[in-house]
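One-letter residues, chain by chain:
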Amino acid sequence: MSDRGYPDAVADEFPPPPTTFTDREDREIEVRPYEGDDEAREALVEMYDSFDPADRAQGIPPGGEERIREWLEAILPGDCYNVIAWCGDEAAGHATLVPDGDAYELAIFVHQTYQRAGIGTHLIRGLLGHGQANGVEKVWLTVERWNRAAVSLYKKIGFETSDAESFELEMGLRLCPDPDEETDGSGEEVDGPDGDQ
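The paragraphs below set out a description of the structure included in this document. Since the model is a prediction, treat every value here as computed from it, not as a measurement.

## Topic: the packing of aromatic side chains
1) Next: Tallied over the full model, the rule gives 7 aromatic pairs.
2) Next: Taking 6.1 Å as the distance between ring centres and 80° as the angle between the ring planes, the aromatic pair formed by phenylalanine 51 and phenylalanine 109 counts as edge-to-face. One end of the pair, phenylalanine 51, is in the loop between α1 (38-49) and α2 (65-75); the other, phenylalanine 109, is in strand β5 (residues 103-110), and 58 residues separate them in sequence.
3) Next: Owing to a relative accessible area of 6%, phenylalanine 109 belongs among the buried residues under this scheme.
4) Next: Aromatic side chains tyrosine 81 and tyrosine 104 sit 5.7 Å apart centroid to centroid with 45° between the ring planes, which places their arrangement in the tilted category. Note that tyrosine 81 is positioned in strand β3 (residues 81-87) and tyrosine 104 in strand β5, a separation of 23 residues in sequence. Here tyrosine 81 matches tyrosine 104 in class, with each residue buried.
5) Next: Positioned over the ring face of tryptophan 140 is arginine 4, at 3.7 Å from the centre of the ring.

## So, α1
1) Next: In a regular helix each residue adds 1.5 Å, so 12 residues correspond to 16 Å; α1 covers 16 Å between its end C-alpha atoms and thus fits that length.
2) Next: Within α1, burial applies to Ala40, Arg41, Ala43, Leu44, Val45, Met47 and Tyr48.
3) Next: Each element contacted by the buried residues of α1 is listed here: α2, β3, β4 (90-100) and β5.

## Description of the side chain of glutamine 132
1) Next: Structurally, glutamine 132 is set in helix α3 (residues 119-133).
2) Next: Engagement of the side chain of glutamine 132 in a polar contact is seen with the backbone oxygen of aspartate 12, the distance being 3.0 Å.
3) Next: Residue contacts for glutamine 132: discarding those within four places in its chain leaves Ala11, Asp12, Glu13, Phe14, Leu175 and Cys176.

## Quick notes on the sheet that holds β3
1) Next: Taken in spatial order, the 8 strands of this open sheet run β1-β2-β3-β4-β5-β6-β8-β7, and their pairing is mixed. Strands at the two margins of the open sheet, each flanked by one partner only, are β1 (19-22) and β7 (160-163). Across the sheet, the mean angle separating the axes of adjacent strands is 25° when strand polarity is ignored.
2) Next: Relative to strand β6 (residues 138-144), β5 runs parallel, the two being bridged by 2 bridges. Paired with tyrosine 104 across the strands is valine 139, a residue of β6.
3) Next: Sitting on the sheet, α1 is in contact with β3, β4 and β5, with an inclination near 100° to β4.
4) Next: Most of the contacts of α2 go to β4, to which it runs at about 55°, and overall it touches β3, β4 and β5.

Cut-off values and rules
- Residues numbered from 1 in each chain as written.
- Predicted model: local features only at pLDDT ≥ 70, side-chain atom pairs only at ≥ 80, totals over all residues.
- Heavy atoms only, no water.
- Phe/Tyr/Trp six-rings, centres within 6.5 Å; stacked < 30°, edge-to-face > 60°.
- Helix = DSSP H or I, 4+ residues; strand = E, 2+ residues; numbered from the N terminus.
- Buried < 20%, exposed > 50% of the residue type's maximum accessible area, 1.4 Å probe, protein only.
- Lys NZ or Arg CZ within 6 Å of the ring centre and 35° of its normal.
- Expected span 1.5 Å × (residues − 1).
- Contact = heavy atoms within 4.5 Å.
- Polar contact = N/O pair within 3.5 Å; in protein donor to acceptor, adjacent residues only side chain to side chain.
- Pairing = 2+ DSSP bridges.
- Axes fitted to C-alpha atoms, helices over the stretch in contact; angles between N-to-C directions.

This is the structure:
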């Protein structure tokens, strides 16, 4: 258990992938879950290999094909959840939920060719929908406080700041109800069978 803070209220429902939309550049984009196929992994390697170093944060994505492959091997399989934004056969963006104790850390990347077209919003909503469909309860992320566009996006989606002590903001979201708490479906606790709360 961590001392990380999360909102009391459970987030709204997010659409589980696959989802399709037209971005601001009139490109048809499809958000799909990563299902372990080599073709998708190679598309991600290609996307990250041409990723603008200025868009890296906290050392990720790493640079160089070998390091990219090692990093993807750590976050694609197992108990991580991943979604990819596709423009045709090209990976335009990738978002992941990585287990961290009793919660999942969120990371999202949109290739510079596809930025500022609304893809990030659909990508993160698709990832959260994928997480909800799989029972993920709590999600957290860090974002540089100067990145106002990202902070605004996360707040719009429902993330709340839980730690603002450093140059980064830590934000949290309650994605699904805690199964140990009885709720009335709206996230509000209800009386137990004996009438006590």
